[in-house]
Amino acid sequence: MLEALGALGASAYPVVQLRVSYANEIQDLWYLRGDVMAVLAALEGEATARSKLSHISDMFKGLLPRSMSSRPSPLSS
């Protein structure tokens, strides 16, 4: 997530960068995806942000309880 934010995201949105850096649990990072998406969309556009967030979400496979995994959105079709 920090890599996706990059130096520009970290400097423009330091609160999000700090929240990601100091997350204590994998679930905390899971819930921060929305904040990271908002930063990426503001900096790079929504299409690029969605692509990066999809890659980030894939990294959580097998690490979260089934009830926390994302489901395909009917809006993405």
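Computed from a prediction, not measured in an experiment: that's the story for all the values here.

## Side note on the side chain of R33
Logical step 1: Here R33 shows up in helix 3 (residues 26–44).
Logical step 2: Buried charged residue R33 carries no salt bridge. Nearest counter-charge: D58, at 8.7 Å.
Logical step 3: Among all residues touching R33, those that are not within four sequence positions of it are M1, L53, S57 and F60.

## Thoughts on the confidence of the model for the protein chain
Logical step 1: Across the protein chain, the average pLDDT comes to 90, with 87% of residues at 70 or higher.
Logical step 2: Of all the helices and strands in the protein chain, helix 4 (residues 46–58) carries the lowest mean pLDDT, 95, while helix 2 (residues 14–21) carries the highest, 97.

Scoring rules and cut-offs
Residues numbered from 1 in each chain as written. Predicted model: local features only at pLDDT ≥ 70, side-chain atom pairs only at ≥ 80, totals over all residues. Heavy atoms only, no water. Helix = DSSP H or I, 4+ residues; strand = E, 2+ residues; numbered from the N terminus. Buried < 20%, exposed > 50% of the residue type's maximum accessible area, 1.4 Å probe, protein only. Lys, Arg positive; Asp, Glu negative; His and termini not counted. Salt bridge = Lys/Arg side-chain N within 4 Å of Asp/Glu carboxyl O. Contact = heavy atoms within 4.5 Å. pLDDT = per-residue confidence, 0-100.

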